[in-house]
Amino acid sequence: MPEKYHIKTSHVQPRLPRIGKFGVVDWREDCARCHNCVKKACIYDKYREENTFIRDLDEVHTLYYECMGCFSCIQNCTKNLLTMSINSEYKKLGNAYWTPQIFGTTWLEAETGKVPVSGAGYRGKFSGYGFDSMWTDMSEIVRPTRDGIHGREYISTSVDIGRKPSYLNFENDKLSTVLPPIISLPFPVIFDMTPEEHSLPVLESCILVTAKQTGLIAIIDSEKWKDIKLENKEDYLEYIAFYLHPNGHEITNDILSKTKLVEIPDSNGVRQQIDSIKKNHPGIIVAVRVPLNANASKRVDELSKVRPEVIHLVADSNGSEIGVENPRFIKDVMREIHGNLIKNEGRDEITLIAGGGVGLSEHVAKALICGADLVSIDIPLLIAIECRLCESCKPGDYCPAKLDKPIDLKYGAGRMTNLMGAWHWQMVELMGAMGMREARRLRGDVGRAMFKDELEEEIYGPIFRK
Ligand code: SF4
Ligand code: SF4
């Protein structure tokens, strides 16, 4: 049995007051001063914490929004003085895709490294946009996968990056096929470059430390390598995939030879560029970064003829096709691309990385089910360090999360590592419930999921279709 993958997590306190969802408004004028006031009975001790919070306040405009929303004090106050309120600052977080709920979950995961538990079940909508329009089939909670969740058996979240030969040749009982280089990643996630629209925070050092702590890989713009200030920074090279910027700073052969993966932008000369990298570094796997636009599916077909080892498809940050009037969501495009590659008998030759719109652990599993081998993430790492995804975010802008100044490495890497720890545990839970023991086998296994559009078509189509 392989060594168990485990991400070490520890509590990392937020730097700023939490932007919680609930607050309790307390109309003290009519208070009867009951001896057994309901506030003292708060099982989360929030009223006492609020007093301490107000005493140590740094900024006068900050309010205390840590109530857990159990309603106990509100229902039991003898004079009905207490009212639950929803924090308006919370409602303003993110955008239509990156909802306040995603922020709340990510912040909790980044702080504690634990799987968030919502208590009285899920009270949200039954389905929604994007990954919320598909459900994983959790009907297989049986041994031995349940044992995997409790650590008695092993559920592997490892995936491979690189070409897998479709068959092996043997001569005189000896393997004669030359095996291509392959990277085994312990979790199907790599860290992408910070998105252009949120270019204010400088996070490369935090992301690199996180990559090392989690055994994952971070894509780093080759332009930025010289500016990274880390002690013994060459020790991080095995966790880096340089994005070889077309007109950017050259990475020396010596540095490049210590990495395992590089990424190049898509162009007509992709094959020549791959060959030129491979000439000096035959052990390096080369990924081609392809924008997920209206042409993406056709482009993957064309590219598959020049046999790149990895294609990294990058949608916009909300997971939608880029530059399309009625964009499809990344999961639908991935299903199409995965299906086409199978038809052309080239699926195992190419590793597909899906980027854009992956914001929760369940999205990782869902992207794999739709045909990706692994996913790339960027925005969840920003949210982990309390970013609010403001509309304008560039050097010189006001940053409510104080990310315009360098952040403490221990804090940044600690929160990002915690996030990955929580995602890993959720992935194990999810796979256990699906009866899966191998993340590799999740790829394209649409039988483990239900899709809203298909169900509606199947059920209502025969009734309402003309
Ligand atoms: S609603 Fe519940 S958690 Fe919130 S302050 Fe009242 S008793 Fe505490
Ligand atoms: S909080 Fe806003 S300004 Fe600060 S880094 Fe995030 S998006 Fe940019």
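Residues numbered from 1 in each chain as written. Chains lettered and ligands numbered in written order. Predicted model: local features only at pLDDT ≥ 70, side-chain atom pairs only at ≥ 80, totals over all residues. Heavy atoms only, no water.

## Digging into the overall build of the chain
Point 1. Along its length, the chain carries 14 helices and 16 strands.
Point 2. Here the chain has a C-alpha radius of gyration of 24 Å; the compact-globule value for 466 residues is 23 Å, and the two agree.
Point 3. Overall size of the chain, expressed as C-alpha extent along the three principal axes, is 90 × 60 × 50 Å.
Point 4. Per-residue burial for the chain yields a buried fraction of 49% across its 466 residues.
Point 5. Expressed as a percentage of contacts within the chain between residues at least 6 apart in sequence, the contacts between residues at least 24 apart total 70%.
Point 6. As presented, the chain carries roughly 24,400 Å² of accessible surface, and 52% of it is formed by carbon and sulfur atoms. (Helix = DSSP H or I, 4+ residues; strand = E, 2+ residues; numbered from the N terminus. Rg over C-alpha atoms; globule rule 2.2 N^0.38 Å. Buried < 20%, exposed > 50% of the residue type's maximum accessible area, 1.4 Å probe, protein only. Contact = heavy atoms within 4.5 Å. Areas by Shrake-Rupley, 256 points an atom, 1.4 Å probe, with all protein chains shown as cover.)

## Re the site of ligand 2
Point 1. Taken together, 13 residues are adjacent to ligand 2, and Cys387, Arg388, Cys390, Cys393 and Cys399 come closest.
Point 2. Of the residues contributing to the shell around ligand 2, the split by class is 11 nonpolar, one polar and one charged. (Near = heavy atom within 4 Å. Nonpolar A, V, L, I, M, F, W, Y, C, P; charged D, E, K, R; others polar.)

## Things to note about the packing of aromatic side chains
Point 1. According to the stated counting rule, one finds 10 aromatic pairs in the structure shown.
Point 2. Plain terms: the ring middles of Trp225 and Phe242 are 5.4 Å apart, the flat faces sit at 80° to each other, and that makes the pair edge-to-face. You can see Trp225 sitting in the loop between strand S9 (218-221) and strand S10 (240-243) and its partner Phe242 sitting in strand S10, a full 17 residues away along the chain.
Point 3. Judged by relative accessible area, which is 0%, Phe242 ranks as buried.
Point 4. An aromatic cluster is built from Tyr97, Trp98, Tyr129, Phe131 and Phe329, whose rings are joined through pairwise contacts.
Point 5. Positioned above the aromatic ring of Trp225, the side-chain terminus of Lys233 is 4.4 Å from the ring centre. (Phe/Tyr/Trp six-rings, centres within 6.5 Å; stacked < 30°, edge-to-face > 60°. Lys NZ or Arg CZ within 6 Å of the ring centre and 35° of its normal.)

## As for the packing of helix H4 (residues 100-112) against helix H13 (residues 409-434)
Point 1. Taken N-terminus to C-terminus, the directions of H4 and H13 make an angle of 105°; their axes are 6 Å apart at the nearest point. Comparing the axis directions of H4 and H13 gives the class roughly perpendicular. Of H13, the residues touching H4 (which contributes Thr106, Trp107, Glu109, Ala110, Glu111 and Thr112) are Gly414, Arg415, Asn418, Leu419, Ala422, Trp423 and Gln426.
Point 2. For the contact of H4 with H13, a count of residues per class yields five nonpolar, five polar and three charged. (Axes fitted to C-alpha atoms, helices over the stretch in contact; angles between N-to-C directions. Parallel < 35°, antiparallel > 145°, perpendicular 65-115°, else oblique.)

## Quick word on a nonpolar patch on the surface
Point 1. The grouping of Leu168, Phe170, Leu175 and Leu179 at the surface amounts to a nonpolar patch, some 400 Å² of accessible area in total.
Point 2. Position of Leu168 relative to the elements: it lies in the loop between strand S4 (159-161) and strand S5 (170-171).
Point 3. Of the residues examined, Leu168 reaches a relative accessible area of 44% and is grouped as partly exposed. (Patch = residues over 30% accessible without salt bridge, like charges linked within 9 Å, V, L, I, M, F, W, Y side chains within 5 Å. Salt bridge = Lys/Arg side-chain N within 4 Å of Asp/Glu carboxyl O.)

## Some thoughts on the state of the cysteines
Point 1. This model, assessed by the stated rule, comprises zero disulfides.
Point 2. Cys387 provides the cysteine sulfur closest to Cys206, a residue in no disulfide bond, and the two sulfurs are 13 Å apart. (Disulfide = S-S within 2.5 Å.)

## Comments concerning empty space enclosed by the protein
Point 1. As enumerated under the stated definition, the model contains three cavities of 30 Å³ or more in all.
Point 2. As a volume, the largest cavity reaches approximately 100 Å³.
Point 3. What lines the largest cavity is a set of 14 residues, among which Cys387, Cys390, Cys393, Cys399 and Pro400 lie closest to the centre.
Point 4. Classifying every residue of the lining of the largest cavity gives 11 nonpolar, one polar and two charged.
Point 5. Lining the second largest cavity are Asp192, Met193, Thr194, Glu204, Ile207, Ile219, Ile220, Asp221 and Lys224.
Point 6. Broken down by secondary-structure element, the contributors of at least two residues to the lining of the second largest cavity are helix H6 (204-214) and S9.
Point 7. Here the element with the most residues in the lining of the second largest cavity is S9; it accounts for three residues.
Point 8. Each residue belonging to the lining of the second largest cavity can be placed in one class, and the counts come to four nonpolar, one polar and four charged. (1 Å grid on protein atoms, 1.4 Å probe; cavity = no way out; pocket = protein on both sides within 12 Å on 5 of 7 lines; lining within 4 Å. Points joined across faces, edges and corners; volume = space filled by probe spheres on them.)

## Let's talk about the domain arrangement of the chain
Point 1. In terms of domain boundaries, the chain breaks down into domain 1 (22-86) and domain 2 (159-456).
Point 2. Distance between the C-alpha centres of domain 1 and domain 2: 45 Å. (Domains from an automatic or database assignment.)

## Some details on the nonpolar core
Point 1. Of all hydrophobic cores here, the largest spans 123 residues; its most connected members are Phe191, Phe242, Leu313, Ile377, Met420, Met427 and Leu442.
Point 2. Element by element, the count of residues in this core is highest for H13, at 11 residues.
Point 3. Residues contacting Leu442, with those up to four places away along its chain left out, are Ala365, Leu368, Ile369, Met427, Met431, Met434 and Met436.
Point 4. Grouped together as the second largest cluster of nonpolar side chains are nine residues, Cys42, Ile74, Cys77 and Leu82 included. (Core = buried A, V, L, I, M, F, W, Y, C linked by side-chain atoms within 4.5 Å.)

## Comments concerning the pattern of salt bridges
Point 1. In total, this model carries 33 salt bridges according to the counting rule given.
Point 2. With a shortest N-O distance of 2.6 Å, Glu336 and Arg328 are connected by a salt bridge.
Point 3. By relative accessible area, which is 31% here, Glu336 ends up partly exposed.
Point 4. The exposure class assigned to Arg328 is partly exposed, which follows from its relative accessible area of 31%.
Point 5. We note a salt bridge from Asp332 to Lys331, for which the minimum N-O separation is 3.1 Å.
Point 6. Accessibility expressed as a relative area gives 4% for Lys331, which makes it buried.
Point 7. By sharing partners, the salt bridges in this structure join Lys164, Arg347, Asp348, Asp373 and Arg443 into a single network.

## Things to note about the layout of surface pockets
One simple way to see leftover space: roll a probe sized like a water molecule over the atoms.
Point 1. Quantified by volume, the second largest pocket comes out at close to 820 Å³.
Point 2. In this structure, the second largest pocket is lined by 30 residues; those nearest its centre are Leu16, Pro17, Arg18, Phe53 and Thr62.
Point 3. Taken together, the elements giving at least two residues each to the lining of the second largest pocket come down to helix H1 (46-55) and helix H3 (88-91).
Point 4. Residue contributions to the lining of the second largest pocket peak at three residues, all from H1.

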